[in-house]
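Understanding the architecture of this molecule
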Amino acid sequence: MAGFVIKRLLQAVLTVIGVITAAFFLTRLAGDPAALLLPPEATLEETQRLRAALGLDQPLFVQYLLFMGNALKGDFGMSLRESVPAMSLVLDRVPATLELALSSFAVGVGLAFILGILMRMTRHNWVRDLITWIALARQAIPVFSFGLVLILIFSIWLKWLPSYGRGTPAHLVLPALTLGTYELALYLRLFNSSLAAEQRNDYVRTAFAKGQGRIQVLLQHMLPNALLPLVTVAGINLGMLLGGTVVTETVFSWPGAGRLIVQSVSQRDYPVIVAGVFVISVMFVIINLIVDVLYGVLDPRVRLA
Amino acid sequence: MTDAAIAAEATPTTALDRVPVLSVHNLCIEVKTPDGERVELVRDVSFDVNEHEVLGLVGESGSGKSLTMLAVLGLLGSGLRIVSGSIRLRGQEITNLSFHEMQKIRGKAVSIIFQDPLTTLNPVLRVGKQVAEAIRLHNPDKGEAEIKARVIELLSLVGIPNPERRYSQFPNEFSGGMRQRVVIAMAMANEPDLLIADEPTTALDVTIQAQVMEVLAEVRARTGAAMVLITHDLGLVSEYADRLAVMYSGRIVEQAPSAELFASPRHPYTAGLIASLPQLERKVETLYSIPGFVPDPRKRPTGCAFAPRCAIANGRPLCLSQSPDLESIGANRAVACHYSAETAAWSTAYQAKLENVATETPLPVRKQGDGTTVLRASNLSKVFTVRGKGLQRSKLYALRNVSFDLKAGKTLGIVGESGSGKSTLARVLLRLAEAGGGEVYLNGSPLFSLRGRELRQRRRDLQVVFQDPYSSLDPRMKIHDVIAEPLRIAGSYSAERVNQLLEHVGLTAAAGQRRSPEFSGGQRQRIAIARSLALNPDVLILDEAVSALDVSIQAQIINLLKKLQQDLGLTYVFISHDLSVVRHICDEIAVMYLGRVIEYASTEAVFSTPAHPYTRGLLAAIPRIGMWPHGKGLLARGDLPNPMKPPSGCAFRTRCPMATALCAENEPVLSDHAETSHLSACHFALA
Ligand code: SF4
Ligand code: SF4
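Notes on the structure in this doc start here. All figures in this text were calculated on a predicted structure; none of them were measured in a lab. (Residues numbered from 1 in each chain as written. Chains lettered and ligands numbered in written order. Predicted model: local features only at pLDDT ≥ 70, side-chain atom pairs only at ≥ 80, totals over all residues. Heavy atoms only, no water.)

Once their charged atoms are close, side chains differing in charge can pair, the charge on each being opposite to the other. Summed over all chains, the structure comprises 27 salt bridges over all chains. One salt bridge in this structure joins Arg-205 of chain A and Asp-202 of chain A, with 3.5 Å as the shortest N-O distance. Separated by three residues within a single helix, Arg-205 of chain A and Asp-202 of chain A lie in helix α9 (residues 202–210), roughly one turn from each other. Between Glu-93 of chain B and Arg-88 of chain B there is a salt bridge; the shortest N-O distance is 3.8 Å. One network of salt bridges, with partners in common, ties together Glu-30, Arg-38 and Arg-81 of chain B. (Salt bridge = Lys/Arg side-chain N within 4 Å of Asp/Glu carboxyl O. Helix = DSSP H or I, 4+ residues; strand = E, 2+ residues; numbered from the N terminus.)

Right, here's the structure in full:
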């Protein structure tokens, strides 16, 4: 197991280096930040002075080496818009992003889990149909519209929950619901089909032949096997949630890292972009690592191979 | 005498013993197909199983044998239901019990062992826990420590070494044979009155099968449980069952004590099955084969379901109009056939014909049997590098110095169990896998040295037929096109040629217009053979080509292969785990163990005077009709060693009943110990 983790860590480091390298060159391709920072009537000389100050007059390759050297020390440069280090700007936003991603993830997986079991256990077909229908209908509505509908109902009409910003747990409810239920249909279908596949396995017949009841067989035998595919997909999704919560963050004015990166892109604040990409990719590979380890814990075949 | 019979004699009969453990009466099971049609899969089945008795339930696939026993457990799948009839366990009617009420009976009064030990255990739960569950469910007042002690006792009872350590391992740390022992331990946990064994050893190698059947007999003798042994293997039931019930198309067609059934079958189907079974003791030129195939249960013929295939029906109106009832004949026997009195005459006549063939007619001369070597392998080797944990790499010697020399028109049998390297050999011969060393000569040309066009030309002379006729044919293509494919590639397509090929394998040109899903397993294998013959090959590699087929169909294909060999002068490499089939079709045999050929001789020599202890163990392990008990002392012990770490010296020594200190030091070479052409690799080979 330890060897496995070390191997995965090495892969993770390489992945992160690759990602920030790509981010560095892409931001350089996007255009000259000096031109954006200065007023349109600035002289050529002024522009060149600024470029020299920012190190932009060096050859691209030298710029890259300098950048990587600094990055190793945790220094991603100053934000071009606000005179603070880019990294601290990003790190300020990380807790908000994590909070939203994790809570909506919990909502999605938790609901899928409960509803999936309910669908297996119920004797009534209409319950199954209803759950499937609701989950699908939810997925058909874009995050943006669904968020606005929730604001309309719970903030404006009922006045139960705040409609924007971050602070109390009450602030979290609507964004987490909006984002979490979007993933629900996917998880539910996956969980359901893997439970159905497990049902056909011989060990299920064996368990019944021992005299076990339906619920016992479901929970003790089928569930541990059926969780495996769910863990894989949920892991990938959690990673995507970290970077892809922008729409939700915008609707609910949530101060997350996703929104920061999008703003920085429009302002060509490239140190912030690269720092943000770095932080998100680090979180992404950590989650993947956790998923792999979890997989080994759940499935002895992986662990022993 | 079987262990059950010994146990029966030792126990005095009490009144309770006279109530059958299981009594099934007029059981009918139906399935509702998706289009709402109701089809009867089990029809009017009745039988009793008595205390200590082993009832063999025999039939080919689709006969309804497994369904009947699943009904006894109340575990029929969705869509299936009992329409009428009764099932009594020790006199208690169970067909009207709910799923919940049956929970108290399942695993307690009745338990079951399923076929494939690789899938019957839950892969993510520890083995000990899974056995413990069976105990806890029916003994809620037992403490954890008590349960664990009982599990360990059970595991050692079924012959699992180190039960304490094994308790907390996962199923994938066990070999197939060991897993089946765990399943037996689980089934015996609450000392059930009735044990159902559904093809318990079909997925196992024959040496392991013998061990597992022995364990099963031992644990049963201890508790006196009755058993229903469901199988397609006539040899197996002949050895282990006291009484047999033969099923065909959902009905029991014959019931009799085991010895009587094999000595004088009364139903034409039973007689046909026995005649079509390749047996170790005899070699016949052509096996009897029951014509046609089992009818689709939706389109059963009116009258007797066996009528279209029956050797004695002769289209008599009674057979075609009226389904025969199961009627008792004599004290313990019953048969469902209008003309069962004629079966004995048919069997005698058939037997006489066989003997005539054997004594009077000389074997037909084969077209090309002129003694030239067609296929020669010299010192083939193949090493796989297997990735272990981290950076660890281990070497697996799948083939070590395999050589043989095959003459035109002959058949070489390659025999071995899983892990022997026989499938790797097939792949290497076909160049599907690159050999690590050695050379194969086909008609004198070195195959491995050929490149490009010449290789493609030569390769046509060497074709293959695989085991699974289901996956090797494209279901979307017409059969005509399937067979035409190699011809088109070679640029020699003509419709006549395809029709001729179809005719060779006993199919009509019209069959070419249908697609493979419309054909049964046996017919698909015929199609696969026709395709392999398209380019007029000299050599066919038959890789377990008849292993997946039912007995009656298997005989058809074996006969077809023999006929084709005679007509076309083909040379075969016949790879199989089934020694009875090999005996029947091969001229020479190479027995493999852990990548080496350990015995190589003519078929007659291998069967009459096997020289290597492994070959003797293999032969002793094969269940056969009317022979029991057989040389138990010869059986190979234990499991196949880890092929990545083969034992020093002789690779077989960990399982050999004759091993000495010398065997651990020196590896025996394949040689002729008695100046004959009978080769074997053992220091103490019998000449
Ligand atoms: S009843 Fe007729 S068709 Fe059926 S097995 Fe007997 S002889 Fe054959
Ligand atoms: S060499 Fe020894 S261990 Fe090997 S088969 Fe012969 S007697 Fe057995």
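Moving on, we get to the nonpolar core. Ile-184, Ile-529, Leu-561 and Phe-574 of chain B are the most contacted members of the largest nonpolar core, which has 140 residues in total. Contact partners of Phe-574 of chain B, with chain neighbours within four places excluded, come to Thr-411, Leu-412, Gly-413, Ile-414, Leu-542, Val-546, Leu-561, Val-581, Val-582, Ile-585 and Cys-586 of chain B. (Core = buried A, V, L, I, M, F, W, Y, C linked by side-chain atoms within 4.5 Å. Buried < 20%, exposed > 50% of the residue type's maximum accessible area, 1.4 Å probe, protein only. Contact = heavy atoms within 4.5 Å.)

In this section: the interface of chain A and chain B. With 24 residues of chain A in contact, the opposing surface of chain B contributes 27 residues. Buried surface at the junction of chain A and chain B, summed over both partners, amounts to about 2,300 Å²; 60% is from carbon and sulfur atoms. Inspection of the chain A/chain B interface yields one salt bridge. For the interface between chain A and chain B, the tally reads 12 residue pairs in polar contact (both at pLDDT 80 or more). When contributions to the side of chain A that touches chain B are tallied by element, the ones reaching two or more residues are α9, α10 (214–243) and α14 (300–304) of chain A. With seven residues, α9 of chain A is the single largest residue contributor to the side of chain A that touches chain B. (Buried area = accessible area lost by both parts, 1.4 Å probe. Polar contact = N/O pair within 3.5 Å; in protein donor to acceptor, adjacent residues only side chain to side chain.)

Another aspect to go through is the site of ligand 1. Neighbouring ligand 1 are 13 residues, the closest being Cys-304, Cys-310, Cys-319, Cys-337 and His-338 of chain B. Of the residues contributing to the shell around ligand 1, the split by class is 11 nonpolar, two polar and no charged. (Near = heavy atom within 4 Å. Nonpolar A, V, L, I, M, F, W, Y, C, P; charged D, E, K, R; others polar.)

Residue and element names in this part refer to chain B. Overall, mixed pairing links the eight strands, which are arranged β18-β19-β20-β15-β21-β22-β24-β23 in an open sheet. Of all the strands in the sheet, just β18 (462–465) and β23 (671–672) have a single pairing partner and so form its edges. Two strands pair when backbone bridges link them, and β18 and strand β19 (residues 539–543) are joined in this way by four bridges, in the parallel orientation. Pairing of Leu-462 across the sheet is with Val-539, part of β19. In this fold helix α20 (residues 551–568) packs onto β15 (411–415), β19 and β20 (571–576), with an angle of close to 160° to the strand it touches most, β20. (Pairing = 2+ DSSP bridges. Axes fitted to C-alpha atoms, helices over the stretch in contact; angles between N-to-C directions.)

This next bit is on the pairing of strand β4 (residues 80–89) of chain B. Residues and elements named next belong to chain B. Pairing between strand β1 (residues 22–32) and β4: eight bridges, direction antiparallel. Within β4, the residue paired with His-25 across the bridge is Ser-86. Pairing analysis gives two bridges linking β4 to strand β5 (residues 92–93), with the strands arranged antiparallel. Paired with Leu-89 across the strands is Gln-92, a residue of β5.

Around ligand 2, the surrounding shell holds 13 residues, and the nearest of these are Cys-650, Cys-656, Cys-663, Cys-682 and His-683 of chain B. Here the shell around ligand 2 is built from residues that sort into 10 nonpolar, two polar and one charged.

Another aspect to go through is the sheet that holds β4 of chain B. Residues and elements named next belong to chain B. Taking strand neighbours across the sheet as the criterion, the four strands line up as β2-β1-β4-β5 in an open arrangement whose pairing is antiparallel. In the strand order of this sheet, the two ends are held by β2 (38–49) and β5, each with one partner. Strands β1, β2 and β4 of the sheet are contacted by helix α2 (residues 65–72), whose axis makes an angle of about 110° with β1.

Let's shift gears to the packing of helix α17 (residues 479–490) of chain B against helix α19 (residues 521–533) of chain B. Each pair of packed helices can be described by the angle between their axes along with the distance between the axes. Residue and element names in this part refer to chain B. One way to put it is that α17 packs onto α19 with a least axis distance of 7 Å and a crossing angle of 30°. The angle between α17 and α19 falls in the class roughly parallel. Handedness of the α17/α19 crossing: right-handed. Along the contact surface, α17 presents Ile-479, Val-482, Ile-483, Glu-485 and Pro-486, while α19 presents Ile-527, Ala-530 and Arg-531. Split by residue class, the contact of α17 with α19 holds six nonpolar, no polar and two charged. (Parallel < 35°, antiparallel > 145°, perpendicular 65-115°, else oblique. Left-handed = near helix turned anticlockwise from the far one by under 90°.)

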